[in-house]
Amino acid sequence: MLAELNVDIRPGLGLGMFDIVTRTPGASLWTVLDMLRRMQNLFPQVDIKYDPDTASTTPIVLHLRPHLDLLFSGKHQRLRTIYTDISSPDNVLHRVDVRRFFGPTYPGDDLRYPGLWFSFEEDGITEGLKAVQSDDKMQEVKRLFISQKDPKHDDGDALDEVAECPIMNGDVSLAVVKVKDGVTLHFHPTGTPPLHVKIGSTTAQDLNIGLGPPLRVHHKEDQRMSIHANDQANNDTGYFYNYFQHGIDFLISSSDHVVRKIILHTNIPGSPLFQRYKRCNWEIEGLPEDDEDDTPPRKRFHDRFETISHFLSPRESPPSMLLDRTDDEDNITLPGSTTRLHGYEGIILEVSESSQVVSVTLF
């Protein structure tokens, strides 16, 4: 483990290899964790902190011992704030040193500049608004915070969602699900034409043109669920296009190369598939109330299962199957490894023990 970490500070943009706004490798939770796996010589231990009671929308903190904390927004899992301890007995930074370099700023116990602030507290951001700035010029800086610059030029909230920025370009911003039809994918930046993927119509070539080549092509070999199928004569195993960077899988027929199933992943911390896929911000759209209704009702990934189930089947919830993702692995134990599969007409919900929808499958 390194005792020191020398990195460049970019106010409102990032710190070292960690970017909030602009360049690669990216500021999504999925991308940052994937990068850290390849940098274990620099960061051998990473702690993931979140609220298990609200795991689908909880802000997530990556604690990179002993240097950094990375705070990700709760909904889109985007890097929002970076904070680090900078106290050093050999090279002390004082309040007056900061003011000499950055110039004057507004009164307060912390020295706050757009996208950057310096704290003199051991445990982070001071609570509440401060009316008078300390006169102790030699006060030692304890922590440094870097956060996205607020377009309104105020401090903003460290737990807010990240405003749209260039690093998001090309990412899926929203996936609108229509049962028995498919999914419409909306992209960053705003105004990018959406892509409609229709089950039974969209081809593998269409996906390559609209989304680019998948990160992995996986040929379907597991036939255990076929025992529950009505059509036992269908031997078309097909293959998957895995778009881990979008949180989406497509099952494609091996005979006509048309999309047969679509799987959207929620990337909930604590679930068995956490971090295998980036979060897909999906919404299930219902039928409009009348011909003039241009805002049909929707249920979102962070809604509890009971709410979504009633939306899909108002009368009664269908029976469920138990799935344990450790069954195929020997000597592996995962907390919360079991989920339940709830099947409806044209859609399957995979649900955690805490009633959060881990994935949605359209067929």
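Right above here is the structure, for reference.
Every value quoted in this text rests on a predicted model; they were computed, and no experiment measured them. (Residues numbered from 1 in each chain as written. Predicted model: local features only at pLDDT ≥ 70, side-chain atom pairs only at ≥ 80, totals over all residues. Heavy atoms only, no water.)

Undergrad: Just to check I follow, could you spell out the overall build of the protein chain for this structure?
TA: Helix and strand counts for the protein chain come out as 4 helices and 23 strands. The buried share of the protein chain, reckoned over its 363 residues, is 47%. Residue pairs in contact within the protein chain that sit at least 24 positions apart in sequence constitute 51% of those at least 6 positions apart. Here the protein chain has roughly 19,600 Å² of accessible surface; of this, 50% comes from carbon and sulfur atoms. (Helix = DSSP H or I, 4+ residues; strand = E, 2+ residues; numbered from the N terminus. Buried < 20%, exposed > 50% of the residue type's maximum accessible area, 1.4 Å probe, protein only. Contact = heavy atoms within 4.5 Å. Areas by Shrake-Rupley, 256 points an atom, 1.4 Å probe, with all protein chains shown as cover.)

Undergrad: Explain the sheet that holds strand S21 (residues 338-344) here, please?
TA: Sheet strands pair by backbone hydrogen bonding; their relative direction is either parallel or antiparallel. Pairing in this open sheet of 8 strands is antiparallel, and the strands run S14-S15-S16-S17-S23-S22-S21-S20 from one edge to the other. Taken across any chain shown, the strands that pair with only one partner, and hence form the sheet edges, are strand S14 (216-219) and strand S20 (320-324). Direction aside, the axes of adjacent strands within the sheet are offset by 20 degrees on average. Sheet topology places S21 next to strand S22 (residues 347-351); 5 bridges connect them, and they run antiparallel. Residue pairing across strands places Tyr344 opposite Ile347, the latter belonging to S22. Contacts from helix H4 (residues 305-312) reach S21, S22 and strand S23 (357-362) within the one sheet, and its direction differs from that of S22 by about 165 degrees. (Pairing = 2+ DSSP bridges. Axes fitted to C-alpha atoms, helices over the stretch in contact; angles between N-to-C directions.)

Undergrad: Any chance you could explain the pattern of salt bridges here in plain terms?
TA: Here the structure, examined in full by the defined rule, presents 20 salt bridges. We note a salt bridge from Asp47 to Arg65, for which the minimum N-O separation is 2.7 Å. Of the two residues, Asp47 is situated in strand S4 (residues 46-49) and Arg65 in the loop between strand S5 (60-64) and strand S6 (68-72); the sequence distance between them amounts to 18 residues. Note that Glu283 and Arg298 form a salt bridge whose closest N and O atoms lie 3.0 Å from each other. A residue pair is termed long-range when its members are at least 10 positions apart, and Glu283 in strand S18 (residues 282-285) and Arg298 in strand S19 (residues 298-300) qualify at 15 residues. On the basis of relative accessibility, which here comes to 28%, the residue Arg298 falls in the partly exposed class. By sharing partners, the salt bridges in this structure join Lys178, Glu283, Glu285, Arg298 and Arg300 into a single network. (Salt bridge = Lys/Arg side-chain N within 4 Å of Asp/Glu carboxyl O.)

Undergrad: Is there a simple way to explain a negative patch on the surface in this structure?
TA: Residues Glu289, Asp290, Asp291 and Glu292 make up a contiguous surface patch of negative charge. Position of Glu292 among the secondary structure elements: in the loop between S18 and S19. In this structure Glu292 comes out as exposed when scored by relative accessible area, which is 74%. (Patch = residues over 30% accessible without salt bridge, like charges linked within 9 Å, V, L, I, M, F, W, Y side chains within 5 Å. Lys, Arg positive; Asp, Glu negative; His and termini not counted. Charge placed at Lys NZ, Arg CZ, Asp CG, Glu CD.)

Undergrad: What exactly am I supposed to notice about the sheet that holds S19 here?
TA: Read across the sheet, 5 strands follow the order S13-S12-S11-S18-S19 without closing on themselves; strand pairing throughout is mixed. Two strands bound the open sheet, and with one partner strand each, they are strand S13 (195-198) and S19. When strand polarity is set aside, the average angle formed by the axes of neighbouring strands in this sheet is 20 degrees. As paired strands, strand S11 (residues 172-178) and strand S12 (residues 182-187) are joined by 6 bridges and run antiparallel to one another. Counted as the bridge partner of Lys178 is Gly182 from S12.

Undergrad: What's the story with the side chain of Thr338 in this structure? I'm lost.
TA: The residue Thr338 is located in strand S21 in this model. Among the polar contacts made by the side chain of Thr338, one reaches the side chain of Glu353 at a distance of 2.7 Å. Not counting residues within four places of it along the chain, the set of residues in contact with Thr338 comprises Leu322, Leu323, Asp324 and Glu353. (Polar contact = N/O pair within 3.5 Å; in protein donor to acceptor, adjacent residues only side chain to side chain.)

Undergrad: Just to check I follow, could you spell out the environment of Leu341 for this structure?
TA: Following the sequence through the fold, Leu341 ends up in strand S21. Sequence separation of Leu341 and Ser359 is 18 residues, and the distance between their C-alpha atoms is 9.5 Å.

Undergrad: Looking at this structure, how should I read helix H1 (residues 29-37)?
TA: Each full turn of the α-helix corresponds to 3.6 residues, which orients residues three or four apart in the same direction. Most of H1 sits out of view: 7 of its 9 residues are buried. All of the buried residues along H1 are Leu29, Trp30, Thr31, Val32, Leu33, Met35 and Leu36. Packed against the buried residues of H1 are strand S3 (18-19), S4, S5 and S6.

Undergrad: Sorry, what's going on with the pairing of S18 here?
TA: Alternating residues of S18 divide into Trp282 and Ile284 and Glu283 and Glu285, and every residue in both groups is buried. In this sheet, S18 lies alongside S11 in parallel orientation, the contact comprising 3 bridges. Residue pairing across strands places Ala175 opposite Trp282, the latter belonging to S18.

Undergrad: Would you explain empty space enclosed by the protein in this entry?
TA: Empty space among the atoms can be located by rolling a probe the size of a water molecule over them. Under the defined criterion, the tally for this structure stands at 1 cavity of 30 Å³ or more. Counted as a void, the largest cavity has a volume near 40 Å³. Split into classes, the residues belonging to the lining of the largest cavity amount to 4 nonpolar, 3 polar and no charged. (1 Å grid on protein atoms, 1.4 Å probe; cavity = no way out; pocket = protein on both sides within 12 Å on 5 of 7 lines; lining within 4 Å. Points joined across faces, edges and corners; volume = space filled by probe spheres on them. Nonpolar A, V, L, I, M, F, W, Y, C, P; charged D, E, K, R; others polar.)

Undergrad: So what exactly am I meant to see when it comes to the environment of Pro189 here?
TA: Mapped onto the fold, Pro189 is located in the loop between S12 and S13. Given a relative accessible area of 32%, Pro189 falls into the partly exposed group. Taking the C-alpha atoms as reference, Pro189 lies 5.3 Å from Asn169; in sequence the two are 20 residues apart.

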